[in-house]
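Chain by chain, the residues:
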Amino acid sequence: LGECRVVTLLPSDGNGSNTDFTPSSSTDHGALVNEAAPNDDTDYVSSSTVNHVDTWNYPALGYTGTIKGVQMSLSAKKTDSGTRAIAAVTRPASTNRVHGTSHYLGTSYAYWMSIWELNPEDSAAWEVADVDGAEFGVKVTV
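Nothing here was measured: the structure is a model prediction, and the numbers come from that model.

K.L.:
Would you mind going over the nonpolar core in detail, with residue names and values included?
P.N.:
Within the largest apolar cluster, 23 residues are counted, with the highest numbers of intra-cluster contacts made by Met72 and Phe136. Secondary structure elements with two or more residues in this core: β4 (70-76), β5 (85-91), β8 (110-116), α2 (128-133) and β11 (135-140). It is β4 that provides the largest number of residues to this core, a total of 4 residues. When residues no more than four places from it in sequence are discounted, the contact partners of methionine 72 are Trp56, Tyr58, Ala88, Trp112, Met113, Ser114, Trp116, Phe136 and Gly137.

Right, here's the structure in full:
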């Protein structure tokens, strides 16, 4: 890839288009998942219902140039019995696009990364406007 810059964006306060998950406190889903270092059980959103989706708004990228890919980093655990899995979601326009990899949860927090090299909305390279207008979040898949 050559020389690259990595830009980290954290969710903005407020809600995205999907708010199926239950917030631990308040009604501001973005504020419950916007820590640079996850605070685990302090505040969070949760769901054990398959196909529930929660997406969050993000600030503008503040960058111009070529985007090689977008990575969503997830931190989660399960709190119920049985098998549970999640997948990263992006909403670059008006449709939820679920990443093809589901991550199976254990009873302790773990981290997963999902990378979209191309914008799943149009299968073309990501553009700054695509990222600036996108929501990102999570879906319960199993």
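K.L.:
Mind laying out the pattern of salt bridges, listing which residues take part and the relevant values?
P.N.:
The tally for this structure, following the rule as stated, stands at 3 salt bridges. Close ionic contact of aspartate 41 with lysine 77 constitutes a salt bridge, the shortest N to O distance being 3.3 Å. Highlighted residues: aspartate 41 in the loop between α1 (29-32) and β2 (45-46) and lysine 77 in the loop between β4 and β5, separated in sequence by 36 residues. The residue glutamate 121 makes a salt bridge to arginine 97 at a minimum N-O spacing of 3.2 Å. Note that glutamate 121 is positioned in the loop between β9 (118-119) and β10 (124-125) and arginine 97 in strand β6 (residues 97-98), a separation of 24 residues in sequence. The partly exposed category is assigned to arginine 97, whose relative accessible area is 27%.

K.L.:
Account for the environment of aspartate 130, naming residues and giving values.
P.N.:
Tracing the backbone through its elements, the reader meets aspartate 130 in helix α2. Between the C-alpha atoms of aspartate 130 and methionine 72, which are 58 residues apart in sequence, the distance is 15 Å. Dropping the residues within four chain positions of it, aspartate 130 is found in contact with Asn119 and Ala125. Here asparagine 119 takes part through its side chain, which lies 3.2 Å from a polar atom of the side chain of aspartate 130.

The rules behind each value
In this convention, every chain numbers its residues from 1, walking through the sequence in written order. With pLDDT at 70 or above as the cut-off, local features in this predicted model cover only qualifying residues; side-chain atom pairs require 80 or more to be listed or tallied, and sums for whole chains, interfaces and linings still use all residues. Water and hydrogen atoms play no part in the side-chain values, which are based on all heavy atoms of the structure. Nonpolar cores are built from buried Ala, Val, Leu, Ile, Met, Phe, Trp, Tyr and Cys residues. Side-chain atoms within 4.5 Å join them into one set. The buried label applies to any residue whose accessible area, calculated with a 1.4 Å probe on protein chains only, is under 20% of its type's maximum; exposed applies above 50%, and partly exposed to all values in between. Numbering of helices and strands runs from the N terminus; a helix is a DSSP stretch of H or I covering at least four residues, while a strand is a stretch of E covering at least two. Contacts between residues were defined by any pair of non-hydrogen atoms, one from each residue, lying within 4.5 Å. For salt bridges, the criterion is a side-chain nitrogen of Lys or Arg within 4 Å of an Asp or Glu carboxyl oxygen. Here a polar contact is recorded for every N or O atom pair within 3.5 Å, except that within protein the pair must consist of a potential hydrogen donor and a potential acceptor, and residues adjacent in sequence are included only if both atoms are side-chain atoms.

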